[in-house]
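# Structural features, examined
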Amino acid sequence: TKRKGDYPLIEAMEQMDIETVATTCGGLSSVGIENLLCKSIALTKNLDTDYILSEKAKKVTEMGYKLLTSDTSMDDVGGLENMKEGVRLLKPRFSTEAKDFGFIRMPTGVIFAGVPGTGKTLTAKALAKELGINILEVAAHNLKNQYVGGSEAQVARLLATCRAAAPIGIMFDEAEKMLGKQDRVSDGGAHSAVLGQFLNFMSEEAGELGVFFIFTANDMSKFPVELVRRFDLRYFVDLPSAKGREAIFNIHLSKRKHNGEDYDLKELVRLTNEYSGSDIEQAIELGMSYAFVNGKTKTEQEDFIKAIANTVPTAKTYSDQIANMRRWVTEGTMVPANTDSISLTDDDDEDNGSLRNVI
């Protein structure tokens, strides 16, 4: 306001733009905010949110965390329609309008569980972008400390950061490594103390402050039930159905300058029954390699068929874990992220659909 005409980009900012900058600065002290805004003005002639985020990310890294800036959207996630509908209902809850409507708290978290390769981490990152709030990605080793009281102190610092930066999301990838049951307990009670810190925070503070936890897990059996029950959404990311696999093929082919319409996707989908999204991506890469090293100008159908035959599906490797997590769905602890059931036979034609759902 004292330098009229010198900073036209700032003068053109509307209230929504200013609120975006304010949200971007969440978690910094007043002095830290002032210093960062002055640097942004000096270097960009603007209150540039990209610059602010990059500088803030450096500060977060120094604390042992990672500020997640995701380019992944829900459009990059094939299938999982149940989960996407849940997110659609969840997103508006992070607003003053929701409180005025009568909601007494904001959502506190979501768990994505499933075996490796089913797209849990990809989905979590897409959710981070969808919610439009800052997301801190925290690795388990950044919260564990070999000294007595060290782990509790690390968690206390994280939760203090959450209180200062709320609304904010906290993402734990493979969260069972941090908060799951331990096979050998010889830490002087540190694990139980850390779990207690999270349980208390999630039940008493998170919903009021707007701290949202995003957990991914490969093994749900390691989580205590009292922790699982504190999450608003609990999704089992199963192996993709035929419809989901077709979407995954189209997404990965498009990313690699291939057009799904040039191939018989129905056949490829049939051949990849019980393959995960990661398996399909691997098969596409392998098929392209066959074509490339043989001097072809384009990957052909038989290249992908050969690649699929030489890719071991996730269902073969993790059959026991998949069966155990499906029981969590049957018991009502979790809900399927997929709208339709994965087939349990070698064929995937529509005639057997009702039988598979019964199974």
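Right above here is the structure, for reference.
Quick look at the structure, then. Here the residue numbering is sequential within each chain, running from 1 through the sequence in written order. At least 70 in pLDDT is required for a residue's local features to be given in this predicted model, at least 80 for side-chain atom pairs to be given and counted, and no such filter applies to totals for whole chains, interfaces and linings, which use all residues. The side-chain numbers reported here are obtained from all heavy atoms of the structure, hydrogens and water having been left aside.

Criterion used throughout: strands pair if DSSP finds at least two bridges between them. Each helix is a run of DSSP H or I of at least 4 residues and each strand a run of E of at least 2, with the numbering of both proceeding from the N terminus. Spatially, the seven strands line up as an open sheet ordered 1-3-4-5-2-6-7, and their pairing is mixed. Either end of the sheet is taken by a strand with one partner, and the two such strands are strand 1 (66-68) and strand 7 (335-336). Sheet analysis places strand 3 (residues 135-137) next to strand 4 (residues 168-172), joined by three bridges and oriented parallel. Paired with Ile-135 across the bridge in strand 4 is Gly-169. Whether two residues touch is decided by their heavy atoms; if any such pair falls within 4.5 Å, the residues are in contact. The convention used is that axes are lines fitted to C-alpha atoms, helices contributing only their stretch in contact, and that angles between N-to-C directions extend from 0 to 180 degrees. Docked against the sheet, helix 5 (residues 81-90) engages strand 2 (109-113), strand 5 (211-217), strand 6 (233-236) and strand 7, running at close to 165 degrees with respect to strand 6.

Turning to the packing of aromatic side chains, a few remarks are in order. Note on aromatic pairs: the rings of Phe, Tyr and Trp (six-membered ring only in Trp) are paired at centre separations within 6.5 Å, and the planes decide the class, stacked below 30 degrees, edge-to-face beyond 60, tilted for the rest. Under the counting rule described, the total for this entry stands at 11 aromatic pairs. Measuring from centroid to centroid gives 6.3 Å for Phe-213 and Phe-215, while their planes differ by 80 degrees, and the two rings are edge-to-face. You'll find Phe-213 and Phe-215 in the same group, each marked buried. Site record: aromatic cluster; members linked through ring pairs are Phe-172, Phe-198, Phe-201, Phe-213, Phe-215, Phe-223 and Phe-231. Residue burial is assigned from relative accessible area. The probe radius is 1.4 Å, only protein chains are included, and a residue is buried under 20% of its type maximum, exposed over 50%, and partly exposed in between.

Glancing now at the environment of Gln-321. You can see Gln-321 is positioned in helix 17 (residues 319-330). Among the residues examined, Gln-321 registers a relative accessible area of 31% and is labelled partly exposed. In this structure the C-alpha to C-alpha distance between Gln-321 and Ser-221, which are 100 residues apart in sequence, comes to 9.2 Å.

Here the focus is the packing of helix 14 (residues 277-293) against helix 15 (residues 301-309). Close contact between helix 14 and helix 15 brings their axes to 8 Å; oriented N to C, the two are set at 125 degrees. Considering their axes alone, helix 14 and helix 15 lie oblique with respect to each other. For helix 14 against helix 15, the interelement crossing comes out right-handed. Taken together, the residues of helix 15 that come into contact with helix 14 (itself represented by Ala-283, Ile-284, Leu-286, Gly-287, Met-288, Tyr-290 and Ala-291) are Asp-303, Phe-304, Lys-306, Ala-307 and Ile-308. Roughly parallel means an angle under 35 degrees; roughly antiparallel means over 145; roughly perpendicular covers 65 to 115; every other angle is labelled oblique. Each crossing gets its hand from how the near helix is turned against the far one by less than a right angle, where anticlockwise is left-handed and clockwise is right-handed.

With that out of the way, let us pick up the nonpolar core. We define the nonpolar core as a collection of buried residues of types Ala, Val, Leu, Ile, Met, Phe, Trp, Tyr and Cys that are connected through side-chain atoms lying within 4.5 Å of one another. If you look at the biggest cluster of nonpolar residues, it comprises 45 residues, and the most contacted ones within it are Phe-172, Phe-198, Phe-213, Phe-215 and Met-220. Per-element accounting of this core gives the leading share, seven residues, to helix 10 (residues 190-209). Among the nonpolar cores identified, the runner-up in size contains 25 residues, and Leu-90, Phe-94, Met-106 and Phe-112 belong to it.

Looking now at helix 3 (residues 30-44). Here helix 3 spans 21 Å end to end across 15 residues, near enough to the 21 Å set by a 1.5 Å rise per residue. The complete set of buried residues in helix 3 reads Gly-32, Leu-36 and Ser-40. Down the axis of helix 3, the buried side of the element spans an arc of 65 degrees, and every buried residue falls inside it. Looking at helix 3, the residues exposed on the side facing more than 90 degrees away from the buried face are Ser-30, Val-31, Glu-34 and Ala-42. To estimate the expected span of a helix, count its residues, drop one, and scale the result by 1.5 Å. Arc, as used here, means the arc of the directions from the helix axis to the C-beta atoms.

Turning to the packing of helix 12 (residues 242-255) against helix 14, a few remarks are in order. Between two packed helices, what matters for the description is the angle formed by their axes and the separation of those axes. At a minimum axis distance of 10 Å, the contact between helix 12 and helix 14 shows a crossing angle of 45 degrees. With respect to their mutual orientation, helix 12 and helix 14 come out oblique. Crossing geometry of helix 12 relative to helix 14 is assigned as right-handed. Within the contact between the two elements, helix 12 uses Arg-245, Ile-248, Phe-249, His-252 and Leu-253 and helix 14 uses Gly-277, Ile-280, Glu-281 and Ile-284. Broken down by class, the residue content of the contact of helix 12 with helix 14 amounts to five nonpolar, two polar and two charged. Classification used: nonpolar for Ala, Val, Leu, Ile, Met, Phe, Trp, Tyr, Cys and Pro, charged for Asp, Glu, Lys and Arg, polar for all others including Gly.

This next bit is on the pattern of salt bridges. Within this document, salt bridges are pairs made up of a side-chain nitrogen of Lys or Arg and a carboxyl oxygen of Asp or Glu, the two lying within 4 Å of each other. Tallying each qualifying case throughout the model produces 14 salt bridges. Here Glu-55 makes a salt bridge to Lys-39, at a shortest N to O gap of 3.2 Å. Here the residue Glu-55 occupies a position in helix 4 (residues 49-62), and Lys-39 occupies one in helix 3, the gap between them amounting to 16 residues. Among the residues examined, Glu-55 registers a relative accessible area of 14% and is labelled buried. Note that Glu-281 is salt-bridged to Arg-256, the shortest N-O span being 2.8 Å. Placement of Glu-281 in helix 14 and of Arg-256 in the loop between helix 12 and helix 13 (265-271) is noted, with a sequence separation of 25 residues between them. Ionic contacts of the salt-bridge type, sharing partners, join the residues Arg-256, Glu-281 and Glu-285 into one network.

Put simply, side chains in a regular strand alternate between the two faces of the sheet. Here strand 4 lies mainly inside the structure; five of its five residues are buried. The alternating pattern of strand 4 places Ile-168, Ile-170 and Phe-172 on one face and Gly-169 and Met-171 on the opposite face, and all of these are buried. Both strand 4 and strand 5 contribute to a ladder of five bridges, which runs parallel. Bridge assignment links Phe-172 to a residue of strand 5, and that residue is Phe-215.

These figures come from the coordinates and say nothing about function on their own.
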